[in-house]
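A look at the structure
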Amino acid sequence: MNSREEYINLAVDIGQLKETVLSIFHTILLHRTLGKCKYDDGNKYTLGTLGLEEVDCSSIELTFVKLNSPELDNLLNKEIMLFYDDMYKKISHQKANKFQTVRSHSMNVINDVVKENYNENLIKPVSGTCVLEFYQRKNKPTVSVNTKTEGTVWERWLLNIEVTTYSGSDRLAEMKVSVGELISEKILYICSKANRSNYLPIIPKFQELNNVFDDSFSDCQPYLFRILNGPPTSTLPKLESMRANIESSARSFTARSAEYIMAAINVGDLERDNGRITELRSQVNDVTDVMSQNIRKILEREERLENAEARTANLIESSDQFRIAARSVSRQYWWKNVKWTIIMYIVGILIIVAIILIILHACNVI
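Reading guide: rules and limits
Residues numbered from 1 in each chain as written. Predicted model: local features only at pLDDT ≥ 70, side-chain atom pairs only at ≥ 80, totals over all residues. Heavy atoms only, no water. Helix = DSSP H or I, 4+ residues; strand = E, 2+ residues; numbered from the N terminus. Buried < 20%, exposed > 50% of the residue type's maximum accessible area, 1.4 Å probe, protein only. Contact = heavy atoms within 4.5 Å. Areas by Shrake-Rupley, 256 points an atom, 1.4 Å probe, with all protein chains shown as cover. Polar contact = N/O pair within 3.5 Å; in protein donor to acceptor, adjacent residues only side chain to side chain. Expected span 1.5 Å × (residues − 1). UniProt positions renumbered as here; feature names shortened; annotations may be inferred. Pairing = 2+ DSSP bridges. Axes fitted to C-alpha atoms, helices over the stretch in contact; angles between N-to-C directions. Core = buried A, V, L, I, M, F, W, Y, C linked by side-chain atoms within 4.5 Å. Phe/Tyr/Trp six-rings, centres within 6.5 Å; stacked < 30°, edge-to-face > 60°. Lys NZ or Arg CZ within 6 Å of the ring centre and 35° of its normal. Parallel < 35°, antiparallel > 145°, perpendicular 65-115°, else oblique. Left-handed = near helix turned anticlockwise from the far one by under 90°. Nonpolar A, V, L, I, M, F, W, Y, C, P; charged D, E, K, R; others polar. Salt bridge = Lys/Arg side-chain N within 4 Å of Asp/Glu carboxyl O. Patch = residues over 30% accessible without salt bridge, like charges linked within 9 Å, V, L, I, M, F, W, Y side chains within 5 Å.

Let us look at the overall build of the chain. Of regular secondary structure, the chain possesses six helices and ten strands. Looking at the 366 residues of the chain, the share that counts as buried comes to 31%. Counted over contacts in the chain with a minimum sequence separation of 6, partners at least 24 positions apart contribute 76%. Just so you have it, the chain exposes about 23,400 Å², and 56% of that area is on carbon and sulfur atoms.

The following block contains the structure:
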């Protein structure tokens, strides 16, 4: 089964990191979890029901839906906290370096002016990747195995996050809205990708249920999954694997061709058919050259496709950032227009009141 990879790129504040990862992974697992399978007779089964729950985020302007499963929720929180702690350590290290730089300018004496000028927004953001993998076993292991590497991965979601820390209530309020809007778009993207049933393994027989699903939960049955901190490790990159396979096929083809030629030649007639042998060898060399050219073209095409994919991902990320900036600017101008409209109404009311008072005074009413 070929694995499918999806990439999600986000930029958040450190205070939004945990809820960001939880909202993304809960959404994915919502589409990769079934009710408990109950087998009646043989391969016949019925699926149990699943409970849903709405979650209101505190650091993000977002409400998402997750499975109402305390066991699954605890597992996700535990795994994601490892990723959060790692990113928090990186941010703390950045702060420590920045703070040490500020101290060095005043010979280890920090005055109030330096403290006021110390701006956390100047801290460089740190990047990290949290991976949610779905895999399938060939057979249920009889001994303890490494759950981080076992099985064959059939789907992988890579959440690439750029984390920084901001100071100031205005900036944090803006991030709360903008990140919420961006995650909402990512959730819609996840739903569009995850709802394709042709990517899912079929529900197996009762004896093979543990090879596809994690039945350790009492209230739900997700596909076997694991959460990794950092990009998945692979023994051979895609391009190198393809190159090795093609070169191996070329060598095998050349060897088989030579065997066929030697088998077709009568040893006693080698001297007489020397010209024929030379001709056949020349043909084999020509075929080998053609295959080598085809190999080079295939590898060049693969490299161009990977470059195009990388540029596309960069364009998508740039467009997301541009959309956030455009919405922020639009929101600022909208508030300015509202303020001026209110001021004009107030001035108009004051003018009308003044005119009425003048008229009443002229008529000796007041």
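Back to the text.
The residue Asn-314 is located in helix H6 (residues 274-362) in this model. A sequence separation of 305 residues divides Asn-314 from Asn-9, and the C-alpha atoms of the two residues are 9.6 Å apart.

What follows covers the environment of Ser-23. Inspection of the secondary structure assignment puts Ser-23 in helix H1 (residues 17-30). The class of Ser-23 is buried, set by a relative accessible area of 0%. Measuring from C-alpha to C-alpha, the distance between Ser-23 and Lys-66 comes to 8.0 Å, with 43 residues separating the pair along the chain. Residues in contact with Ser-23, not counting those within four places in the same chain, are Leu-62, Phe-64 and Ile-183.

Another point: the side chain of Arg-226. On the secondary structure map, Arg-226 appears in strand E10 (residues 225-229). At 2.8 Å, the side chain of Arg-226 and the side chain of Glu-133 are in polar contact.

What follows covers H1. Taking 1.5 Å as the rise per residue, H1 with 14 residues should run 20 Å; its terminal C-alpha atoms sit 20 Å apart, in good agreement. Counting buried residues along H1, eleven of its 14 residues qualify, which places the element largely inside the surrounding structure. For H1, the complete set of buried residues consists of Leu-17, Thr-20, Val-21, Leu-22, Ser-23, Ile-24, Phe-25, His-26, Thr-27, Ile-28 and Leu-29.

UniProt's entry tags residues 291-318 with the feature "coiled-coil region" (unreviewed entry), counted in the numbering of this structure. From the first C-alpha to the last, residues 291-318 spans 40 Å; its make-up is 100% helix and 0% strand.

Pairing within the open sheet is mixed, and its four strands lie in the order E1-E8-E7-E10. Both outer strands of the open sheet, strand E1 (4-13) and E10, are each paired with one neighbouring strand and no more. Going from strand to strand, the sheet's axes swing by 20 degrees on average, the running direction of each strand aside. By the bridge criterion, five bridges tie strand E7 (residues 126-136) to E10 in an arrangement that is antiparallel. Residue pairing in the sheet places Glu-133 in a bridge with Arg-226 of E10. The sheet strands contacting helix H4 (residues 169-194) are E1 and strand E8 (152-164), and the helix crosses E1 at an angle near 170 degrees.

So, on to the nonpolar core. In this structure, Leu-17, Val-21, Ile-24, Phe-25, Leu-132, Phe-134 and Val-163 are the most contacted members of the largest nonpolar core, which totals 49 residues. Those residues in contact with Val-163, other than ones at most four positions away along the chain, are Val-12, Asp-13, Ile-14, Leu-17, Met-87, Ile-91, Pro-125 and Val-126.

So, about the packing of aromatic side chains. Following the criterion strictly, the structure yields six aromatic pairs and no others. Consider the rings of Trp-334 and Trp-335, whose centres lie 5.1 Å apart with planes at 75 degrees: the pair is edge-to-face. Put simply, the rings of Phe-134, Trp-154, Phe-213, Tyr-223 and Phe-225 pair up and form one aromatic cluster. If you follow Arg-226 out to its NZ or CZ, it ends over the ring of Tyr-135, 4.2 Å from the centre. Cation over ring: Lys-336 sits above Tyr-333, and NZ or CZ is 5.2 Å from the ring centre.

Time to look at the packing of H1 against H4. Between H1 and H4, the shortest axis-to-axis distance is 10 Å and the interhelical angle comes to 20 degrees. Accordingly, the angle class assigned to the pair H1 and H4 is roughly parallel. Relative to H4, the crossing made by H1 is right-handed. Contacts between H1 and H4 involve Thr-20, Ser-23, Ile-24, Thr-27 and Ile-28 from the first element and Val-179, Ile-183, Lys-186, Ile-187, Ile-190 and Cys-191 from the second. Within the contact of H1 with H4, the residues separate by chemical class into seven nonpolar, three polar and one charged.

What follows is about the pattern of salt bridges. The full count for this structure, using the stated rule, is 13 salt bridges. In this structure, Arg-32 engages Glu-155 in a salt bridge whose closest nitrogen and oxygen atoms are separated by 2.8 Å. Pair noted here: Arg-32 is in the loop between H1 and strand E2 (33-34) and Glu-155 is in strand E8, with a separation of 123 residues, a long-range link. With respect to class, Arg-32 is no different from Glu-155; both count as buried. Where salt bridges share partners, they join Glu-181, Glu-185, Arg-323, Arg-327 and Arg-331 into one cluster.

With that settled, the discussion passes to a nonpolar patch on the surface. Taken together, the side chains of Ile-349, Ile-352, Val-353, Ile-356, Leu-357, Leu-360 and Val-365 make up a nonpolar region of the molecular surface, amounting to roughly 600 Å² of accessible area. Secondary-structure assignment places Leu-360 in helix H6.

Bridge count between strand E5 (residues 52-56) and strand E6 (residues 63-67): five bridges; the pairing is antiparallel. Counted as the bridge partner of Glu-53 is Lys-66 from E6. A loop of six residues connects E5 with E6, the two strands running antiparallel in sequence.

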